[in-house]
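Structural characterization, general
This is what each chain is made of:
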Amino acid sequence: MSLHSHRPVGITVTQTLLALLVAFAALLLTFSMAGCSRIADATPAGDHAAVPVRAPSDEIVGQEVAVLTEAPNVPAPITRTHATKVIVNLDVIEKTMRLADGVDYTMWTFGGTMPGRFIRVREGDQVEVHLRNDKHSTMPHNIDLHAVTGPGGGAAASLTVPGGESVFTFTALNPGLYVYHCATPSVPQHIANGMYGLILVEPEKGLPRVDREYYVMQGEFYTKGKTLAPGLQPLDPAKLTAERPEYVVFNGKMGALLGDAAVKATVGETVRLFVGNGGPNLISSFHVIGEIFDSVYTDAALGGGTPARNVQTTLIPAGGAAIVEMKAQVPGRFLLVDHSIVRAMEKGALGMLAVTGAEQPGVFKTLVPGTHGTGGH
């Protein structure tokens, strides 16, 4: 069941007309992009017993306001053992942000950060989404959460003009890690400007405990100027249509996960990465140089089956996600990359896991040191 309301505040006639036009286009898009909504798994006749039938919980106990975090941070694991009402407050803010040293870009954001804030709920929760569009925004915006079973993933209920607010509810039926994004036309433009993030629906019994969890999301920027051309860069629609980005980055900018901003661990700890790909166009070949993923939840599917083991590189499609886990066995710098390697070395899809602790010569030992380098490819 989905309930929604709209509370516009201080809306001009121009904004109202613009919203009506965009709403009509969005309605057409909702029908044409039905595949972006979650639908029941297709199975041959007679095999339906193998597919779990998920339904809203009969009992919702209490309510809470979701803690939303900025990448690379992740909200704490959920410890309650019952479904509850979770209120998610998201503000859409258009703001100029740093894309690379000396390079700025006007990003459209969920929560004022790139990527959007990480949302964590539990299977069976009743989630109430409050989407507020800042009064200084230049465009209406909405939200399509891939975790939603409902029209447009919530997009049909949440088109919000500048200064307005939309509210809708959904039940988190399916555990997994899901992308959310803006689906207001032009959808590619809204996503390319930074409007995406991740929502985790934990299984009822939770995830296995690990020592550290981090949020990493890949995305592309299609700037008028070449890579590293200085100044405030606008979107180049021709490059976007041709799928030729100038930047492919983790967490919204070049160097977001390098230096002091690297994600960290200690030898002996298990690290879980929630990895998403906002796109809007490219497939990510996610790899950590010098590590092997002990477990990979391919396509971020949870709630059934055993994760893949001993994986070197995992593919993450645009609009998709994966959950990877690894135990830090030796100290050092381990580079996070899109192994379509030009993207890492020239366009920005490069981060770092910095592991501290005692050397482990039984696992790795330098016998004759070579010339000092990056430690990567």
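Residues numbered from 1 in each chain as written. Predicted model: local features only at pLDDT ≥ 70, side-chain atom pairs only at ≥ 80, totals over all residues. Heavy atoms only, no water.

Moving on, we come to the overall build of the protein. Each helix and strand counted, the protein has four helices and 22 strands in total. In the protein, once contacts between residues fewer than 6 apart in sequence are set aside, the share between residues at least 24 apart is 74%. A total accessible area of about 17300 Å² is found for the protein, and carbon and sulfur atoms account for 57% of it. (Helix = DSSP H or I, 4+ residues; strand = E, 2+ residues; numbered from the N terminus. Contact = heavy atoms within 4.5 Å. Areas by Shrake-Rupley, 256 points an atom, 1.4 Å probe, with all protein chains shown as cover.)

Let us now look at the packing of aromatic side chains. A complete count under the given rule lists six aromatic pairs for this structure. Their ring planes at 70 degrees and their centres at 5.0 Å tell us that Phe 118 and Tyr 215 sit as a pair that is edge-to-face. With Phe 118 in the loop between strand 4 (103–110) and strand 5 (119–122) and Tyr 215 in strand 11 (residues 212–221), the pair connects residues that are 97 residues apart, well separated along the chain. Of the two residues examined, Phe 118 and Tyr 215, each falls in the buried class. Between Phe 118 and Phe 274 the ring centres are 5.4 Å apart and the planes differ by 50 degrees, which places this aromatic pair in the tilted class. (Phe/Tyr/Trp six-rings, centres within 6.5 Å; stacked < 30°, edge-to-face > 60°. Buried < 20%, exposed > 50% of the residue type's maximum accessible area, 1.4 Å probe, protein only.)

On the basis of which strands lie adjacent, the open sheet formed by six strands has the order 13-11-15-20-17-18 and mixed pairing. Edge positions in the open sheet fall to strand 13 (247–250) and strand 18 (308–311), since each of these has one partner strand only. Sheet twist, expressed as the average angle between the axes of neighbouring strands with direction ignored, equals 25 degrees. Pairing between strand 17 (residues 293–297) and strand 20 (residues 320–327): three bridges, direction antiparallel. Bridge pairing in strand 20 links Tyr 297 to Ile 323. (Pairing = 2+ DSSP bridges. Axes fitted to C-alpha atoms, helices over the stretch in contact; angles between N-to-C directions.)

Read from one edge to the other, the open sheet built from four strands follows the order 5-10-9-7, with strand pairing classed as mixed. At either margin of the open sheet sits one strand with a lone partner, and together these are strand 5 and strand 7 (144–145). Relative to strand 10 (residues 196–202), strand 5 is paired through four bridges, and the arrangement is parallel. Paired with Arg 122 across the strands is Glu 202, a residue of strand 10.

Before going further, it helps to examine the pattern of salt bridges. The full count for this structure, using the stated rule, is 12 salt bridges. A salt bridge links Asp 91 to Arg 132; the shortest N-O distance between them is 2.8 Å. Separated by 41 residues along the polypeptide, Asp 91 in strand 3 (residues 85–100) and Arg 132 in strand 6 (residues 126–133) bring together distant segments of the chain. In this structure Arg 132 comes out as partly exposed when scored by relative accessible area, which is 28%. The shortest N-O distance in the salt bridge between Glu 325 and Arg 272 comes to 2.7 Å. Taken together, the residues span a long stretch of sequence, with Glu 325 in strand 20 and Arg 272 in strand 15 (residues 270–279) at a distance of 53 residues. As far as burial versus exposure is concerned, Glu 325 and Arg 272 are alike and both buried. Within this structure, Arg 120, Glu 202, Glu 213, Arg 272 and Glu 325 form a network of salt bridges that share partners. (Salt bridge = Lys/Arg side-chain N within 4 Å of Asp/Glu carboxyl O.)

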